[in-house]
Amino acid sequence: MRVVILGAGFGGLELATLLSGEFGADADVVPIDQADGFTFGFSKLDVMFGRATAASVKHMYADIAAPGVQFVQSTVRAIDPVARRVTTDSGVFDCDILVVALGADVDGSATPGLVEGGHEFYSVAGAVAVADVLDRFAGGRVVVGVTSTPFKCPPAPSETALLLHDYLGARGLLDVSDIALVMPFGVPIPPSPDASAAILAEFAERGIGWHPGRTVRALDPARKVAMLSDDTELPYDLFLGVPVHRAPAVVGAAGLTVDGWIPVDSLTLQTRFPGVYAVGDVTSVGTPKAGVFAEGQAVVVAAQISAVVRGSSATRTYDGRGICYLEFGHDMVAKVDVTFLGGQAPAGVLVGPSSELAADKHAFGHDRVARWFNRDWTPAP
Ligand SMILES: Cc1cc2nc3c(=O)[nH]c(=O)nc-3n(C[C@H](O)[C@H](O)[C@H](O)COP(=O)(O)OP(=O)(O)OC[C@H]3O[C@@H](n4cnc5c(N)ncnc54)[C@H](O)[C@@H]3O)c2cc1C
């Protein structure tokens with residue numbers, strides 16, 4: 001039974017690794033990705049703040065040595081979900097089971113003025129460019145702003161504001177700088193009142209301006225102001241933006257999306273097309289767009305595929321649970337254990353922040369690289 005996985009990110013890598021672990025050389029798994037390597041989302045913050053180079057946080061697909069897994073580097077151009085046929089730059093792939101794990105693309109050009117007058121830090125290229133800009137920054141007003149919802153890793157803009165405060169402090173620029181954060185939510189982490197209160201206390205202590213319940217709709221590079229969704233303006237010297245997110249165009253063209261994302265059965269991750277699943281950021285399953293949720297969904301799809309292969313019925317269904325690590329700055333990390341989809345309002349419990357949890361987060365990255373790429377890797381300190 002051939003399984004083709006579109007996208008070798010958090011979800012695709014986990015699924016390929018699980019199927020290889022279960023079926024060994026008998027597996028026939030083909031992950032297809034346009035990139036030559038994978039970078040964790042959180043590593044982009046390390047790159048942006050000069051704690052790591054882009055090369056040191058990239059994990060090469062050429063290192064995948066899982067039995068039964070044949071990685072193909074190519075761009076997916078068309079998907080036929082009825083025939084389960086995929087057209088790529090390297091040819092056409094037919095399969096018994098198709099899993100779409102293509103993530104969310106970011107589009108800086110969708111926000112007027114962002115490309116000309118600001119910077120995004122959600123792509124690796126954007127994080128590399130910001131590292132260079134920060135290196136030359138001599139202080140001033142920095143605005144970290146979200147341009148639309150949904151966006152990946154909802155805690156990331158808050159983490160960015162705190163890490164930026166550390167960074168400017170280390171460079172002796174706090175006296176001549178000012179940090180403001182524009183967020184669409186009323187609190188930093190809506191499902192966790194504990195985590196939100198802790199982050200807001202940290203913002204207050206560090207003098208980070210908190211602008212909740214709005215987005216940045218445009219920048220005016222000539223006047224150096226960010227124009228917000230409530231028609232107010234914030235002046236900036238440096239703008240660091242979370243750009244508009246979209247499902248990759250090929251997914252929409254395939255007729256897989258509704259309102260921009262792929263709807264799936266929230267327990268099985270099946271799309272409306274038989275034999276076609278979708279996991280991670282590309283779906284509208286109801287969890288935040290974060291790697292831990294993509295990974296949890298891959299676990300369920302692996303169980304479904306395994307049941308099909310073995311002719312049994314799958315007992316494992318998706319529970320919407322994930323543990324998110326939160327950077328608090330000063331080398332401290334907290335974690336929030338949160339479950340969505342349970343038929344009740346999600347409630348996340350905060351643990352930390354502490355230096356022990358910073359070590360836990362390192363182990364999280366280290367363990368995944370060991371499992372997915374069979375390689376020893378230490379995340380940036
Ligand atoms: C700054 C930042 C910090 C973050 N921190 C965290 C964190 O601490 N914890 C956490 O859990 N999550 C975090 N995230 C979010 C996390 O990175 C994503 O949610 C996660 O990677 C989603 O997994 P995925 O498998 O759905 O998609 P991705 O991991 O995005 O993988 C999608 C893959 O599809 C490929 N692709 C797309 N289009 C095509 C095409 N047409 N042809 C071929 N290949 C294609 C891409 O190259 C990519 O490799 C963070 C994100 C950012 C930006």
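Residues numbered from 1 in each chain as written. Predicted model: local features only at pLDDT ≥ 70, side-chain atom pairs only at ≥ 80, totals over all residues.

1. Description of the site of the ligand
Point 1. Around the ligand there are 35 residues in total, and Gly7, Gly9, Gly41, Gly103 and Gly280 lie nearest to it.
Point 2. Mapped by element, the contributors of at least two residues to the shell around the ligand are α1 (10-23), β2 (28-33), α2 (41-48), α8 (291-310) and β21 (321-329).
Point 3. Element by element, the count of residues in the shell around the ligand is highest for α2, at 4 residues.
Point 4. When its residues are assigned to classes, the shell around the ligand shows 20 nonpolar, 10 polar and 5 charged.
Point 5. In this structure, the shell around the ligand is formed jointly by two domains, domain 1 (2-104 + 247-318) and domain 2 (108-245), each of which donates at least three residues. (Near = placed C-beta within 6 Å. Helix = DSSP H or I, 4+ residues; strand = E, 2+ residues; numbered from the N terminus. Nonpolar A, V, L, I, M, F, W, Y, C, P; charged D, E, K, R; others polar. Domains from an automatic or database assignment.)

2. Re the packing of α2 against helix α4 (residues 124-136)
Point 1. Between α2 and α4, the shortest axis-to-axis distance is 8 Å and the interhelical angle comes to 20°. Between α2 and α4, the angle is such that the two are roughly parallel. Regarding α2 and α4, the two cross each other, and that crossing is right-handed. In this structure, α2 contributes Lys44, Val47 and Met48 to the contact, and α4 contributes Val124, Ala127, Val128, Val130 and Ala131. (Axes fitted to C-alpha atoms, helices over the stretch in contact; angles between N-to-C directions. Parallel < 35°, antiparallel > 145°, perpendicular 65-115°, else oblique. Left-handed = near helix turned anticlockwise from the far one by under 90°. Contact = placed C-beta atoms within 7 Å.)

3. Concerning the packing of α1 against α8
Point 1. Where α1 contacts α8, the two axes come as close as 8 Å, and the packing angle between them is 35°. Handedness of the crossing formed by α1 with α8: right-handed. Only Gly291, Ala294, Glu295, Gln297, Ala298, Val299, Val301, Ala302, Ile305 and Ser306 of α8 make contact with α1, whose side of the interface consists of Phe10, Gly11, Glu14, Leu15, Leu18, Leu19 and Glu22.

4. Re the nonpolar core
Point 1. In this structure, Ile5, Leu6, Leu15, Val99, Val100, Val282 and Val301 are the most contacted members of the largest nonpolar core, which totals 113 residues.
Point 2. For this core, the element with the most residues is α8, which contributes 7 residues.
Point 3. Looking at this core, you find at least three residues from each of domain 1 (2-104 + 247-318) and domain 2 (108-245).
Point 4. With sequence-adjacent residues up to four places away left out, Leu15 is seen in contact with Ile5, Val99, Ala101, Ala298, Val301 and Ala302. (Core = buried A, V, L, I, M, F, W, Y, C linked by C-beta atoms within 7 Å. Buried ≥ 20, exposed ≤ 12 C-beta atoms within 10 Å, placed from the backbone.)

5. Regarding the domain arrangement of the chain
Point 1. The domains assigned to the chain are domain 1 (2-104 + 247-318) and domain 2 (108-245).
Point 2. The distance between the C-alpha centroids of domain 1 and domain 2 comes to 30 Å.
Point 3. The interface of domain 1 with domain 2 comprises 14 residues on the first partner and 18 residues on the second.
Point 4. Of the residues belonging to the side of domain 1 that touches domain 2, the class tally is 8 nonpolar, 3 polar and 3 charged.

6. Here's the deal with the sheet that holds strand β8 (residues 91-94)
Point 1. In space, the 3 strands of this open sheet follow the order β6-β7-β8, with antiparallel pairing throughout. Where the open sheet ends on each side, the last strands, each with one partner, are β6 (76-80) and β8. In this sheet, neighbouring strand axes are inclined to one another by 15° on average, regardless of whether the strands run parallel or antiparallel. (Pairing = 2+ DSSP bridges.)

7. Here's the deal with the sheet that holds strand β22 (residues 332-339)
Point 1. As summarised here, the arrangement of the 3 strands in space is β21-β22-β23, forming an open sheet in which the pairing is antiparallel. Here the strands that pair on one side only, and so sit at the sheet edges, are β21 and β23 (349-354). The average angle at which neighbouring strand axes cross in this sheet is 20°, direction not considered.
Point 2. Two elements, β21 and β22, share 8 bridges in a ladder whose sense is antiparallel. Paired with Gly329 across the two strands is Met332, which belongs to β22.

8. Observations regarding the environment of Gly103
Point 1. With respect to the helices and strands, Gly103 occurs in the loop between β9 (97-100) and β10 (105-107).
Point 2. Along the primary structure Gly103 and Phe340 are separated by 237 residues, whereas in three dimensions their C-alpha atoms are 19 Å apart.
Point 3. Setting aside anything within four residues of it in sequence, one finds Gly103 in contact with Gly7, Gly9, Gly280, Asp281 and Val282.

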